[in-house]
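Structural features, examined
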Amino acid sequence: MVRNIKAAYLMLSPTIIWLLAFLVVPVAMIAIISFTTNTGFGGILYEFSTEAYTLAFSSLYAQAIWQSLWWAGLATLSCVLIGYPFAYFIAHAGKWKNLLLLLVMIPFWTNLLIRLYSWIILMNNQGAINNLLIKLGIISEPITMLYTPFAVIIGLVYGFLPFMILPIYASIEQLNQSYLEAAEDLGANPVRTFFRVTLPLTFPGVLSGIVMTFVPAVSVFVVTDLLTGGRLLMIGNVIKDAFLVEMNWQLGSAISLLLMALVLISIVILMKFTSKNNETSSFM
């Protein structure tokens, strides 16, 4: 027994060392720096201070945080609404399944910056989308799409949609078809079968997709930098500017920790909510 425990720890030691070196230690350093005193120009005086948190809770930064949560939430919801039907279609595509999966993963082969630049060309006032709408007679003058929250949502959905499709596809692929057949034998129509059988059984994949989409979407800064020209800010932009422009490491560290806490709280609430729904549906 002791040998098995030692062997298990020995096998896990590379993972533990990796987590300690690249997760626990950096987060601990950020936490320590957030409570130090700023001496200006990136200077750190190791005297206890909560000035960074007082500044982080000011109206300017609080608005950026809630705006980021709102936009990331909308983008995640959009990814669910788009990704679930597409994942369901892929799972039942037969011989086209592998090709469709390849198409989903192809965007990972190209840097996100390059892909976002393509959206700048598409959504520009003289871009392909406006030109097409004008030629079709749908609009008479170009629609302003860049530099708006709409552009932010488009960029987030486009950048992180594959993170939603793949886990949902995996859940649908593993779904036991006998449950669907049993629902059909009991007289359930396709719509009722979907909402009472398919969706609850594949919800773990949806939850994984939500987490994998929401976490990077809430902290990304390149989308707003490129698609809004820095006119609209997410919390990732604020953190980047705090470290690189203002040289206020204490403020950047404090906002980073607050963002981590908000994301963790949001995930815990989501998991509690979904677990209660699953318990309720199991009794029905």
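Each remark here, short or long, concerns the structure printed above.
Everything in this summary refers to the structure shown in the same document. (Residues numbered from 1 in each chain as written. Predicted model: local features only at pLDDT ≥ 70, side-chain atom pairs only at ≥ 80, totals over all residues. Heavy atoms only, no water.)

With respect to the layout of surface pockets
Basically, it comes down to this: Here a cavity means grid points, on a 1 Å grid over the protein atoms only, where a 1.4 Å probe fits yet cannot get out; a pocket means an open set of points with protein on both sides within 12 Å along at least five of seven lines; lining residues are those with an atom within 4 Å of a point. Grid points are joined across faces, edges and corners, and a volume is the space filled by probe spheres set on the points. Under the scheme used here, helices are H or I runs from DSSP no shorter than 4 residues and strands are E runs no shorter than 2 residues, and both carry numbers assigned from the N terminus. Under the scheme applied, nonpolar residues are Ala, Val, Leu, Ile, Met, Phe, Trp, Tyr, Cys and Pro; charged residues are Asp, Glu, Lys and Arg; polar residues are all the others, including Gly.
For the largest pocket, the calculated volume is near 540 Å³. Forming the walls of the largest pocket are 20 residues, and the residues nearest its centre are Thr76, Leu77, Val80, Ile210 and Leu270. When contributions to the lining of the largest pocket are tallied by element, the ones reaching two or more residues are helix 3 (59-91), helix 9 (190-219) and helix 12 (249-283). Split by residue class, the lining of the largest pocket holds 16 nonpolar, four polar and no charged.

Section: helix 7 (residues 149-173)
This is how the line gets drawn: Multiplying one less than the number of residues by 1.5 Å gives the expected span of a helix. In this scheme, the bend at a residue equals the angle between the axes fitted to the seven residues that finish there and the seven that begin there.
With 25 residues, helix 7 extends 35 Å from end C-alpha to end C-alpha; this agrees with the ideal 36 Å at 1.5 Å per step. At Phe160, helix 7 shows its largest kink, close to 50 degrees, and the proline Pro162 lies no more than four residues downstream.

Describing the packing of aromatic side chains
Definition in use: Note on aromatic contacts: the rings of Phe and Tyr and the six-membered ring of Trp form a pair at centre separations within 6.5 Å, being stacked when their planes are under 30 degrees apart, edge-to-face when over 60 apart, and tilted otherwise. The buried label applies to any residue whose accessible area, calculated with a 1.4 Å probe on protein chains only, is under 20% of its type's maximum; exposed applies above 50%, and partly exposed to all values in between. Sitting over a ring, as applied to charges here, requires NZ of Lys or CZ of Arg to be within 6 Å of the ring centre and within 35 degrees of the ring normal.
The full count for this structure, using the stated rule, is ten aromatic pairs. Ring centres of Trp18 and Phe22 lie 4.5 Å apart, and the angle between their planes is 45 degrees; on these two criteria the pair is classed as tilted. In this pair, Trp18 and Phe22 are both assigned in helix 1 (residues 2-34), four residues apart and thus about one turn of the helix distant. For the residue pair Trp18 and Phe22, the accessibility class agrees, reading exposed in each case. A ring pair is formed by Phe243 and Trp249, whose centres lie 6.0 Å apart and whose planes are at 70 degrees; its orientation type is edge-to-face. On the basis of relative accessibility, which here comes to 23%, the residue Phe243 falls in the partly exposed class. The exposure class assigned to Trp249 is partly exposed, which follows from its relative accessible area of 35%. Among the aromatic residues, ring-to-ring pairing joins Tyr84, Tyr88, Phe194 and Phe195 into one connected group. Over the ring of Tyr147 we find Arg231, and its NZ or CZ is 4.3 Å from the ring centre.

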